[in-house]
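# Fold and contact review
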Amino acid sequence: SSDFCLFLIAVCFPFIIFLCYAYGYCSHKLYKAGTVVFDYQKDVPTFLFLVCRFVLQALRKTRGQLYDNDLLARNINQLTFTFYNCRLEPNNLRWYCSAFGYGWDYPDSSFRDIPLCYPEVLFFRLLAMIVCSEEFRLSPLGLTNVRKIMRTLQPIDELKKGPFSLQASVREYRTVEVGIEVDIALDVTDRASKPVWAGLVTLLSRDTKKLNKWQPACGSHEPKEVKTIELNVPWYTGLKCAYASWNYNPHHLFSSITKLLGYKHPTVHSLWMISRC
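What you see is a predicted model, and the numbers here were worked out from it, not measured in a lab.

### Description of the overall build of the chain
Each helix and strand in the chain was counted, giving 10 helices and 6 strands. Expressed as a percentage of its 277 residues, the buried residues of the chain come to 39%. For the chain, the share of sequence-separated contacts (at least 6 apart) that also reach a separation of at least 24 residues comes to 72%. Within the structure as shown, the chain displays about 16,900 Å² of accessible surface, and the carbon and sulfur contribution to it stands at 58%.

Written as structure tokens, this is what we have:
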């Protein structure tokens, strides 16, 4: 049995070394080199590396607290990452349409445009790179999407015609009553560097101490009659949306982690809600 164990170690050890090099060390070198522009078809940070960085930054930083970074000392206003030479993948678009309520066969129709919200899915790796960066001034743990602004500058179907570029950049941090908000701008440009789609995502890092003390102001200015709708969310929605959007954020999937972050139930993916409403 000892010989068999030694044989397994001898066989598995080179494979483990290869995985560490391919999925960890190469991505680590890109970060250490200060690379901010990546060829999407070649070297980009792997998801495994980003998960490790997520855990590291979550342990180092406290939710709801704003930290200083080196960009301030260097008079650099924005934390920015860019992917170029991106290609639209039909299978990913099909999975998105299926998971977010458009239907599996939605892309097959020649009279239907790419959904307005789909480009945001393409930014998931870039967003992960930003929130896991040492230069990001908030903890990545428990960031909640509280606001989205999206607009098209050209038909989104322009992305089908050739390579395009994605850019994500931090615009502003601000203190609010329940924590810290950060605005992240998302921009898509076509092969001629002309803007196609633009978005602004606002993330909230909730400060539990402020949240426990905060009380809604009396006599709020909200109208007495607010139009609301109720949606039945199937139990598998979180899994389908995670697979389609690559967003495996645990507060969309696990009740135990959701309660630790201050929510009663797993939160529904915001793009799913937008597509339903």
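### Regarding the nonpolar core
Counting 51 residues, the largest nonpolar core has Phe83, Phe123, Phe136, Leu166 and Ile184 as the members making the most contacts within it. At 6 residues, helix 6 (residues 124-131) tops the list of elements feeding residues into this core. Among all residues touching Phe123, those that are not within four sequence positions of it are Leu166, Gln167, Ala168, Leu186, Asp187, Val188 and Trp197.

### What to know about helix 6
Within helix 6, 8 of the 8 residues are buried, which leaves the element mostly enclosed by the surrounding structure. Within helix 6, the full set of buried residues consists of Phe124, Arg125, Leu126, Leu127, Ala128, Met129, Ile130 and Val131.

### Points about empty space enclosed by the protein
Enumeration over the complete set of coordinates arrives at 2 cavities of 30 Å³ or more. When its volume is computed, the second largest cavity comes out at roughly 50 Å³. Lining the second largest cavity, in full, are Leu93, Cys97, Tyr106, Pro107, Arg112, Asp113, Ile114, Pro115 and Lys160. Its residues assigned to classes, the lining of the second largest cavity comprises 6 nonpolar, no polar and 3 charged.

### Some thoughts on a nonpolar patch on the surface
A contiguous nonpolar patch, built from Val36, Val37 and Tyr84 and spanning about 250 Å² of accessible area, is present on the exposed surface. When you line up the elements, Val37 lands in strand 1 (residues 37-39).

### Digging into the environment of Thr175
You can see Thr175 is positioned in strand 4 (residues 164-176). You can call Thr175 exposed: its relative accessible area is 55%. Once the C-alpha coordinates of Thr175 and Ser205 are considered, the two residues, 30 residues apart in sequence, prove to be 9.8 Å apart.

### A few points about the pairing of strand 2 (residues 80-86)
As judged from the 3 bridges shared by strand 1 and strand 2, these two strands associate in the parallel manner. Along strand 2, the bridge assignment pairs Asp39 with Tyr84. The sheet contact formed by strand 2 and strand 4 spans 5 bridges and is antiparallel. Bridging from a neighbouring strand, Thr82 pairs with Gln167 of strand 4.

### A short note on the sheet that holds strand 5 (residues 179-189)
Read from one edge of the open sheet, 6 strands run 1-2-4-5-6-3, paired in mixed fashion. The outermost strands of the open sheet, each flanked by one partner alone, are strand 1 and strand 3 (144-152). In this sheet, neighbouring strand axes are inclined to one another by 20° on average, regardless of whether the strands run parallel or antiparallel. Sheet strands in contact with helix 6 are strand 1, strand 2, strand 4, strand 5 and strand 6 (195-206), and its direction is about 155° off that of strand 2.

### Points about the packing of aromatic side chains
Scanning the model with the defined rule gives 7 aromatic pairs in all. The interplanar angle of 50° and the centroid separation of 5.3 Å between the aromatic rings of Tyr40 and Phe83 together place this pair among those described as tilted. Note that Tyr40 is positioned in the loop between strand 1 and helix 2 (47-60) and Phe83 in strand 2, a separation of 43 residues in sequence. According to the relative accessible area criterion, Phe83 is buried, its value standing at 0%. Plain terms: the ring middles of Phe136 and Tyr173 are 6.0 Å apart, the flat faces sit at 50° to each other, and that makes the pair tilted. Placement of the pair is Phe136 in the loop between helix 6 and strand 3 and Tyr173 in strand 4, with a sequence separation of 37 residues. Tyr173 carries the same exposure label as Phe136, and that label is buried. One aromatic cluster in this structure is built from Phe38, Tyr40, Phe81 and Phe83. The ring of Phe47 has Arg125 sitting right over it, with the charged end atom 4.2 Å from the ring centre.

What counts and how
Residues numbered from 1 in each chain as written. Predicted model: local features only at pLDDT ≥ 70, side-chain atom pairs only at ≥ 80, totals over all residues. Heavy atoms only, no water. Helix = DSSP H or I, 4+ residues; strand = E, 2+ residues; numbered from the N terminus. Buried < 20%, exposed > 50% of the residue type's maximum accessible area, 1.4 Å probe, protein only. Contact = heavy atoms within 4.5 Å. Areas by Shrake-Rupley, 256 points an atom, 1.4 Å probe, with all protein chains shown as cover. Core = buried A, V, L, I, M, F, W, Y, C linked by side-chain atoms within 4.5 Å. 1 Å grid on protein atoms, 1.4 Å probe; cavity = no way out; pocket = protein on both sides within 12 Å on 5 of 7 lines; lining within 4 Å. Points joined across faces, edges and corners; volume = space filled by probe spheres on them. Nonpolar A, V, L, I, M, F, W, Y, C, P; charged D, E, K, R; others polar. Patch = residues over 30% accessible without salt bridge, like charges linked within 9 Å, V, L, I, M, F, W, Y side chains within 5 Å. Salt bridge = Lys/Arg side-chain N within 4 Å of Asp/Glu carboxyl O. Pairing = 2+ DSSP bridges. Axes fitted to C-alpha atoms, helices over the stretch in contact; angles between N-to-C directions. Phe/Tyr/Trp six-rings, centres within 6.5 Å; stacked < 30°, edge-to-face > 60°. Lys NZ or Arg CZ within 6 Å of the ring centre and 35° of its normal.

Bear in mind that shape data such as this cannot, by itself, settle questions of function.
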